[in-house]
Amino acid sequence: MRKKIIAGNWKMNQTPQEAQALCALLKDRVDGAEADVVFCVPYVDLYPVLDALKDTQIAVGAENMHYEDSGAFTGEISANMLKEMGVTYVILGHSERRQYFNETDETVNRKVKKALDSGLIPILCCGETLEQREAGITVEWVRMQIKCGLLGVDAQQAKSVVIAYEPIWAIGTGKTATAQQAQEVCAAIRQVLAELYGQETADAIRIQYGGSVNGKNAPQLFAMADIDGGLVGGASLKEEFAEIVHYKKDMIE
């Protein structure tokens, strides 16, 4: 049985002081959850958040990293820097990074491999635009993103990767894929993982859903067979995140 993983993606929000205050608000409410809980935060918040969460089971993740260990890459952060700080997870290939910062399948793949080689757990993002969904190519598009993102990653390494399916049209819009729509794509992701690595490995890999996840829709989404938690945006900055983490309390039997 795969353990659920619920990660908050703070995006470009929270100063260090605000981050400490948010951790103080949330940590007692989410610590001890049945799911793995991760706070993925801006670089400047990593140290204060790591300090604020040091006596909890909540893991800390970064929102991006470079694929080189060091060099003339002004403004970038390496995997080794994150690892030494105590960071456990890193979000890679988020649609906003692809859209606004010109990330490609090739650079995302290089980052995934570097993260794995450095002992970080990558949260590999994939997802389609509204135009792609309406054109009926969602599954083909997402399958290709997975194949490209995991190129050169062996089966043993792949087991530690977390896949985050986020339909771009549902990110920050208030629109959410229905549980059935999300399950359909997550099942397709597991199928391509099985084709790449075999069913046993595919069954071990956790697949999140992201895109306007909230306290009300989390129970239904997380009840789907191939949805192993969520990558949560706006709601991760609110007390509502605790409702999402403890979704089982509202689970419809």
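Before reading further, recall that the structure is shown in the block above.
Notes on the structure follow. Note that the structure is predicted; figures quoted are calculated from it, not measured.

Our focus in this paragraph is the pattern of salt bridges. For the structure on display, the rule yields 16 salt bridges. In this structure, R2 and D228 form a salt bridge, with 3.0 Å as the shortest nitrogen-oxygen distance. Separated by 226 residues along the polypeptide, R2 in the segment before β1 (5–9) and D228 in the loop between α11 (218–222) and β8 (229–232) bring together distant segments of the chain. The exposure class assigned to D228 is buried, which follows from its relative accessible area of 2%.

Right, let's talk about empty space enclosed by the protein for a bit. For the structure on display, the rule yields 1 cavity of 30 Å³ or more. Considering the residues around the largest cavity, the lining is formed by G93, H94, S95, R98, C125, C126, G127, Q145, E166 and I168. Of all the secondary-structure elements, those providing two or more residues to the lining of the largest cavity are α4 (95–101) and β5 (121–126). When its residues are assigned to classes, the lining of the largest cavity shows 3 nonpolar, 5 polar and 2 charged.

The next thing to look at is the state of the cysteines. With the rule as written, the count across this model stands at 0 disulfides. Free of any disulfide, C23 has its nearest cysteine sulfur in C40, 12 Å distant. C23 sits in the buried class, given a relative accessible area of 0%. We note that C40 lacks a disulfide partner, and the nearest cysteine sulfur, in C125, lies 9.1 Å from it. Of the residues examined, C40 reaches a relative accessible area of 0% and is grouped as buried.

Glancing now at the side chain of D45. Tracing the backbone through its elements, the reader meets D45 in the loop between β2 (36–41) and α2 (46–52). Of the buried charged residues, D45 lacks a salt bridge, with R97 as the closest side chain of opposite charge at 14 Å.

The biggest cluster of nonpolar side chains holds 69 residues, and the ones touching the most others in it are F39 and I189. Residue contributions to this core peak at 9 residues, all from helix α9 (residues 179–197). Within the second largest apolar cluster, 12 residues are counted, among which are I5, A7, V38 and A164.

Read around the closed barrel, 8 strands run β1-β2-β3-β4-β5-β6-β7-β8, paired in parallel fashion. Taking the axes of each pair of neighbouring strands and ignoring which way they run, one obtains an average angle of 25 degrees across the sheet. Bridge count between strand β7 (residues 206–210) and β8: 2 bridges; the pairing is parallel. Directly across from G210, in β8, lies its bridge partner L231. Strands in contact with helix α7 (residues 138–149) are β5 and β6 (162–165); relative to β5, the strand with the most contacts, it is inclined by about 150 degrees. Across the face of the sheet, α9 comes into contact with β5, β6 and β7 while running at roughly 150 degrees to β7.

Moving on to the side chain of S95. Mapping S95 onto the fold places it in helix α4. Given the relative accessible area of 12%, S95 is considered buried. Once residues lying within four places of it in the same chain are set aside, the contact partners of S95 are I168 and I171.

With that settled, consider the packing of helix α5 (residues 105–117) against α7. Two elements in contact, α5 and α7, have axes whose closest approach is 8 Å; the angle formed by their N-to-C orientations is 45 degrees. Considered as vectors, α5 and α7 are oriented oblique to each other. Where α5 approaches α7, its residues D105, N109 and V112 are matched on the opposing element by Q145, C148 and G149. Residues that form the contact of α5 with α7 fall into these classes: 2 nonpolar, 3 polar and 1 charged.

Rules used in this analysis
Residues numbered from 1 in each chain as written. Predicted model: local features only at pLDDT ≥ 70, side-chain atom pairs only at ≥ 80, totals over all residues. Heavy atoms only, no water. Salt bridge = Lys/Arg side-chain N within 4 Å of Asp/Glu carboxyl O. Helix = DSSP H or I, 4+ residues; strand = E, 2+ residues; numbered from the N terminus. Buried < 20%, exposed > 50% of the residue type's maximum accessible area, 1.4 Å probe, protein only. 1 Å grid on protein atoms, 1.4 Å probe; cavity = no way out; pocket = protein on both sides within 12 Å on 5 of 7 lines; lining within 4 Å. Points joined across faces, edges and corners; volume = space filled by probe spheres on them. Nonpolar A, V, L, I, M, F, W, Y, C, P; charged D, E, K, R; others polar. Disulfide = S-S within 2.5 Å. Lys, Arg positive; Asp, Glu negative; His and termini not counted. Core = buried A, V, L, I, M, F, W, Y, C linked by side-chain atoms within 4.5 Å. Pairing = 2+ DSSP bridges. Axes fitted to C-alpha atoms, helices over the stretch in contact; angles between N-to-C directions. Contact = heavy atoms within 4.5 Å. Parallel < 35°, antiparallel > 145°, perpendicular 65-115°, else oblique.

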